[in-house]
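# Geometric and topological summary
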Amino acid sequence: MGASNGVNRYNGVWQSFTSVAPAQNTGLDPKPLGRVTALAVDDATGALWAGTETGLLARWQEGVGWVMMRMLRTPIHAIAASNDALWIGADSGLFHLYNGLVQHIPELGDAPVRAVAARDGVVWVAGQDALWRFSTDLTLRERHQPRDDAGAILSGPYTAIWLESADNVWFATSSVIGEYFAANAETVSYPSPFGDDSGEITAIRGVPFESVWIASSGGGAAQYRLSGRTIVSMRSWGGQAQGGLTANNVRDIAIDQDGSVWFATAVGVFRYQPWSFQDIDERFEALPVYDVLLDQSGRMWVATDGEGVQMRPARYAQPVQYLPDGSGAPGNIVYALEEDDYGRIWAATNRGVTYFEAQGWRQPSALRNLTFSPGSDLKADSLGLWIVAANGLWRYRFVDQELSMESPTSQSPIVKIELDSTDRLWAASATGEIWRRQLDGQWQLIETAGDNLPGEAVVTALRTEAHPPGAMLAAFKGRGLYRHLDTGWESIKHGWKFGDERILTLLSDPSTGSIWVGGEGGFLVWTPTALCASILMMEFNPALCEP
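So, a few notes on the structure that sits alongside this text. (Residues numbered from 1 in each chain as written. Predicted model: local features only at pLDDT ≥ 70, side-chain atom pairs only at ≥ 80, totals over all residues. Heavy atoms only, no water.)

### Quick notes on the overall build of the protein
Secondary structure summary: the protein contains zero helices and 53 strands in total. Burial status across the protein gives 47% buried among its 547 residues. In the protein, once contacts between residues fewer than 6 apart in sequence are set aside, the share between residues at least 24 apart is 37%. (Helix = DSSP H or I, 4+ residues; strand = E, 2+ residues; numbered from the N terminus. Buried < 20%, exposed > 50% of the residue type's maximum accessible area, 1.4 Å probe, protein only. Contact = heavy atoms within 4.5 Å.)

### Brief notes about the sheet that holds strand β9 (residues 65–71)
Taken together, the six strands give an open sheet; going across it, the order is β5-β4-β9-β8-β7-β6, and neighbouring strands pair in mixed fashion. Bordering the open sheet on either side are β5 (31–32) and β6 (36–41), each of which pairs with just one other strand. Sheet topology note: the strand β7 (residues 48–52)/strand β8 (residues 56–61) ladder contains three bridges and is antiparallel. Bridge pairing links Ala50 to Ala58 in β8. (Pairing = 2+ DSSP bridges.)

### Structural notes on the pairing of strand β19 (residues 168–172)
In terms of burial, β19 is largely enclosed, as five of its five residues are buried. Two strands pair when backbone bridges link them, and strand β18 (residues 160–163) and β19 are joined in this way by four bridges, in the antiparallel orientation. When the sheet's bridge partners are listed, Trp162 is paired in β19 with Trp170. Once β18 ends, the chain turns through four residues before running back antiparallel as β19. Inspection of the sheet shows β19 paired to strand β20 (residues 176–181) by five bridges, in the antiparallel sense.

### Notes on the sheet that holds strand β33 (residues 334–339)
Note: strands within a sheet are paired through backbone hydrogen bonds, in either parallel or antiparallel orientation. The sheet built from four strands is open, its strands ordered β33-β34-β35-β36 with antiparallel pairing. With one partner strand each, in any of the chains shown, β33 and β36 (360–362) form the two edges of the open sheet. Averaged over all pairs of adjacent strands, the angle between strand axes in this sheet comes to 25°, irrespective of strand direction. Strand direction decides the pairing type here: strand β35 (residues 352–357) and β36, joined by three bridges, are antiparallel. Pairing of Glu357 across the sheet is with Gly360, part of β36. (Axes fitted to C-alpha atoms, helices over the stretch in contact; angles between N-to-C directions.)

### A short note on a nonpolar patch on the surface
Together, Val289, Val292, Leu294 and Met300 line one region of the surface with nonpolar side chains, adding up to about 330 Å² of accessible area. Ranked by residues supplied to the nonpolar patch, first place goes to strand β29 (residues 289–294) with three residues. Take Met300: its relative accessible area is 30%, and that puts it in the partly exposed class. (Patch = residues over 30% accessible without salt bridge, like charges linked within 9 Å, V, L, I, M, F, W, Y side chains within 5 Å. Areas by Shrake-Rupley, 256 points an atom, 1.4 Å probe, with all protein chains shown as cover. Salt bridge = Lys/Arg side-chain N within 4 Å of Asp/Glu carboxyl O.)

In structure tokens, the structure reads:
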């Protein structure tokens with residue numbers, strides 16, 4: 001991050017670099033780097049460059065620090081690096097550095113250049129009255145003038161750009177934010193999200209087909225949410241007035257590899273992590289949601305109490321709602337969702353079980369009369385569907401569309417089911433019994449009595465683990481979390497203090513060995529290194545762990 005007295009770097013902790021060394025061994029002492037106004041990385045070489053308000057151009061060298069490369073003697077506003085060449089937007093125009101030679105690009109004159117961006121062998125430049133596109137070898141030099149809906153040329157100056165592709169550039173002027181498509185000279189304009197008193201648009205960054213972030217010098221920051229190429233909503237992250245960022249002057253935005261959005265402001269750095277909790281639909285504030293499902297194609301399905309099934313084809317897309325009136329869905333109360341190997345979405349509703357295929361809902365006649373309640377469940381394997389209904393555990397076979405009762409016990413209702421990695425079904429009863437259906441169709445009672453075992457405690461969550469084959473995680477009320485292997489049960493304690501609070505859901509991450517836990521005590525993660533953390537608090541929580 002460029003600062004008023006050098007460059008700050010964050011790698012878990014902040015470090016400051018405030019001096020710059022001469023380019024050669026001249027015996028001169030390092031001098032202050034000063035106010036850094038631009039930073040850029042050459043993706044091809046990894047070289048990191050910095051520009052300052054005095055026109056100093058410096059490059060980072062490991063083991064040495066910042067090294068002076070050129071003095072342009074004009075304030076630097078922006079830098080872009082591509083193919084070992086450097087493009088510099090400065091107060092007195094556009095400069096190009098290659099093989100140690102600096103040249104002034106005459107097409108833009110001596111007017112200030114506020115933004116430059118490089119991608120896929122081309123460089124776009126924000127000029128005073130036009131956008132410019134150059135090839136990295138300077139053989140291509142094109143002037144582009146976006147127009148408004150009436151065909152009039154938009155007036156500059158252009159203050160920010162972001163390249164969605166080599167031919168598609170987002171831009172900002174004092175009054176307009178827009179997209180420009182170079183292939184057909186088409187412009188799509190959008191009004192500023194900050195109003196008339198927001199100051200200059202200082203930066204645009206984005207994730208293609210998902211979101212575009214905009215920073216201003218007086219209105220904080222805003223986000224356009226995209227579904228494909230369509231803006232479906234705008235969210236203001238504001239400044240002090242909106243209660244978002246605590247600064248109105250946002251100078252730049254960066255998006256890192258994991259999707260975190262970083263804001264450089266007049267009072268420091270802010271980070272937004274898009275996987276934190278977000279409002280999706282304000283109507284859900286008073287509407288119970290029984291289940292959610294992310295299908296193989298990335299669509300999100302939501303089971304609601306009263307509004308049927310909602311499907312969101314993309315993160316910020318408007319939902320498609322399936323109700324009994326017109327969509328073919330049989331019920332408006334949906335208790336459970338499941339996707340089978342064929343991509344069909346199954347739903348347990350207040351009017352039986354149905355499935356979605358080829359843009360429509362269908363209901364086998366055998367599944368019309370099953371009744372459900374909160375806590376009902378569905379699990380699909382390659383041959384059929386397992387159904388936890390109000391009156392027992394049922395098996396629906398795909399091949400002959402027959403339904404049969406398959407409960408392992410008539411003494412107690414089944415409350416939880418899960419398929420392990422070998423396609424054996426596990427079923428937990430309301431009285432604490434756990435059964436496993438072997439591949440030959442026989443049910444086996446899994447012993448839970450004994451020293452350091454959960455005994456007759458009720459199972460509140462089941463989740464399969466990919467490795468080793470057949471492993472199963474089980475949460476027991478008041479007893480904590482256990483793993484079952486071929487050798488029997490093992491307790492996953494590591495100091496966790498769950499007490500009488502129930503664990504309600506589990507997720508196993510085979511890539512890291514982590515176990516994610518949600519329940520009455522919050523949202524937690526356990527790793528093999530015995531880290532115990534509260535995700536809701538985003539910090540170590542000693543109350544959850546033994547000293």
